[in-house]
Amino acid sequence: MGGTVTRKYKSGSAVDFITRANAIKKLQVSLADFRRLCIFKGIYPREPKNTRQANKGSSAPTTFYYTKEIEYLMHDPILRKFREQKTFAKKLKRLLGRGDLDDAKRLESRRPRYKLDHVIRERYPTFMDSLRDLDDALNMLFLFSNMPANDKVGSNVTKQAEKLCNQWLAYLAKERLVRKVFVSIKGVYYSAIVKGQEIRWLVPFKFPQNIPTEVDLKIMLTFLEFYSTLLTFVLYKLYTDSNLVYPPNIDPTTLKTVGGISTYVLDQKDGAQSLVGDLKDTKQEGTQLSKDELSKALAADNQAEEIDAQEDVEEEKVEEASLDKFEDINKNSGDKLEQPLEFNNATSNLFQNFIFFVGREVPLDILEFLIVSCGGKIVSEVALDVVGASNYDLSKITHQISDRPKISKKVQGRIYIQPQWVFDSINKATLLNESDYAPGETLPPHLSPWGDSGSYDPEGPVAEDDLSSEEEDEEEEVEEGSEEDEDLVAQNELELEAAGKYTDAGKESKKEKEKKEKNTKKKIANEEKEQEEMKKFLISNRKRKVYENIKDEADREEKRQKDLKRKKIQLQKSKNQPKKGDS
């Protein structure tokens, strides 16, 4: 009786996986188009368990993909557009070779173009899925927004990325969604809560950047194209949910002077209009009066003052949302009903009553975004240079942010602080003491609000065990140095013994106790090490290497924590020691 004959490489990994060369041959596209298609659809290389079987007996290093994913790509509309573009390129090249410029222009107007709308809907079925994957998109877009335009990266690419980034920052500032900020060497890390989802991204500093030659910008531009479409979808959804018009309009006068997020005018669908954070509330706007009104104003000055006061109150309440008020209709007064708030978070209203004046030496884009996101108002020295100080009411300024060691001319009534006060206040969600951040003062350490990567807590108190271990280390160093002079100590002991003044009973007992404790500790450590080595022989080589790597990483982390604690203890000791000039 003969059973079913199983043919070789017709089942298992050989069928589940396909090489990249076979995938390109099956889709009939070039390698560059295959990479773009895989990036758009979110298809990545896979590693089979048995590479030899997946490669049908060959041991050559190759890249594998799932066969089902490649078959799924065969019916995608983008693949059809790629083929149409290939045909279009051949026709255009033929016409240019013949010299038919008119036909070439006519053909250029009908260039096939593809859209990624259906890809966004396939990869992100719900809006929360897109928000979870938005951090990578923001990092890529902010990176390209600061890049210089060259032959590889066009100016239209950087302008589009910058526009999307400013629209994102304008929405966060309008809704006051920023929660954390951290200034590092790489740039500024921001964290915002959007629809209950935390989004964290990095904004590099606006320094001149050199594009490295070893980076393949074609692949990065493909990711940028996909992320731009994703962020456009997300921004449209966020703006429409907040009753805002998308895309927002741009104020041309502000664009020429300051720029940044203050150039965007966020129009509401019900007709109301507001700039981001009311950045120009401090501006003294003149009103045109008729002759009758002018005569009335001259006749009754008190009435004019009341009108001006009413206008100031209306300007201050531009951003206040119309919330429902719950009133108690009953005659018997009971518990007061809690009224709803537009911004429930403490960070959202942190700088609501403050107006900041930012010097030209301070990065305006960073502080403008953070202050407006926390309800504050801002006046920059750059805007005064362009527009003029007469257009602003500088008497209402409460804080002046400066990054200079000394300020010669101070204005009475202003609180002078350094930029770190804004960052630390947002991270603590409370207003810190301004005197600790005055110009010229030594600033406290600016720590990450998300904590250390390991288990070390930089803000935690120093334990007594850490202090005792530090003292023990110092004592061991002293003992090692004293062992070198054992001959001199022995000679002194002999002289004292000859004179009848030396008693070694208590000293020998202390030394013997210390030696016994050290010996027992060493024995226990050696026994544990021997047991650990014996256990290693019972496991395979592969698992042993994994275990050793885990242990080495844990040892490095423990050593790093000890070094940080030692530095912290030394810093506290140096602070507690009186200075030489102090009495």
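Scroll up to find the structure this text is about.
Residues numbered from 1 in each chain as written. Predicted model: local features only at pLDDT ≥ 70, side-chain atom pairs only at ≥ 80, totals over all residues. Heavy atoms only, no water.

Here's the deal with the packing of aromatic side chains
By convention here, two paired aromatic rings are described through the distance between centres and the angle between planes. For the coordinates displayed, the defined rule picks out 19 aromatic pairs. Geometrically, the ring pair formed by Phe351 and Phe356 is edge-to-face, given 5.3 Å between the ring centres and 70° between the ring planes. When its relative accessible area of 0% is taken as the criterion, Phe351 is described as buried. For Phe356, a relative accessible area of 0% gives the class buried. Between Phe356 and Trp421 the ring centres are 6.4 Å apart and the planes differ by 45°, which places this aromatic pair in the tilted class. Taken together, the residues span a long stretch of sequence, with Phe356 in strand β9 (residues 355–358) and Trp421 in helix α18 (residues 420–428) at a distance of 65 residues. Assessed through its relative accessible area of 0%, Trp421 is described here as buried. (Phe/Tyr/Trp six-rings, centres within 6.5 Å; stacked < 30°, edge-to-face > 60°. Buried < 20%, exposed > 50% of the residue type's maximum accessible area, 1.4 Å probe, protein only. Helix = DSSP H or I, 4+ residues; strand = E, 2+ residues; numbered from the N terminus.)

Let's talk about the pairing of strand β3 (residues 178–183)
Relative to strand β4 (residues 187–194), β3 runs antiparallel, the two sharing five bridges. Looking across to β4, one finds that Phe182 is bridged to Tyr189. If you look at the hairpin formed by β3 and β4, you'll find three residues sitting between the two strands. (Pairing = 2+ DSSP bridges.)

A closer look at the pairing of strand β7 (residues 264–267)
By the alternation rule, side chains of β7 split into Tyr264 and Leu266 and Val265 and Asp267, which are all buried. Pairing analysis gives two bridges linking strand β6 (residues 249–250) to β7, with the strands arranged antiparallel. Pairing of Ile250 across the sheet is with Tyr264, part of β7.

A word on the sheet that holds β3
Two orientations exist for strands paired in a sheet by backbone hydrogen bonds: parallel and antiparallel. Overall, antiparallel pairing links the three strands, which are arranged β3-β4-β5 in an open sheet. Each edge of the open sheet is held by one strand with a lone partner, namely β3 and β5 (197–204). Within the sheet, the average angular offset between the axes of one strand and its neighbour, ignoring direction, is 15°. Inspection of the sheet shows β4 paired to β5 by eight bridges, in the antiparallel sense. (Axes fitted to C-alpha atoms, helices over the stretch in contact; angles between N-to-C directions.)

Looking at the nonpolar core
One finds Leu134, Trp168, Trp201 and Leu370 to be the most contacted residues of the largest nonpolar core, which totals 88 residues. The biggest single contributor to this core is helix α12 (residues 217–241), with eleven residues. Ignoring any residue separated from it by four or fewer positions in sequence, one finds Trp168 in contact with Leu134, Leu138, Phe142, Val194, Ile199, Trp201, Leu231, Leu235 and Leu238. Formed by seven residues, the second largest nonpolar core is a distinct cluster that contains Ile355, Ala383, Tyr392 and Ile397. (Core = buried A, V, L, I, M, F, W, Y, C linked by side-chain atoms within 4.5 Å. Contact = heavy atoms within 4.5 Å.)

Section: helix α11 (residues 155–175)
With 21 residues, α11 extends 30 Å from end C-alpha to end C-alpha; this agrees with the ideal 30 Å at 1.5 Å per step. Among the residues trailing α11, Arg176 stands out with phi positive, at a value near 55°. (Expected span 1.5 Å × (residues − 1).)

A closer look at the environment of Ile18
Along the polypeptide, Ile18 turns up in strand β1 (residues 17–19). With 45 residues separating them along the chain, Ile18 and Thr63 place their C-alpha atoms 8.4 Å apart. Apart from residues lying up to four places away in sequence, Ile18 is in contact with Ala23, Lys26, Thr63, Phe64, Tyr65, Tyr66, Thr67 and Ile70.

Topic: the pattern of salt bridges
One pass over the full model with this rule turns up 19 salt bridges. Taking the shortest distance from any N to any O, the salt bridge between Glu84 and Lys81 comes out at 3.7 Å. Residue Glu84 and its partner Lys81 are located together in helix α6 (residues 77–98), separated by three residues, close to a single helical turn. What makes Glu84 partly exposed here is its relative accessible area of 33%. (Salt bridge = Lys/Arg side-chain N within 4 Å of Asp/Glu carboxyl O.)

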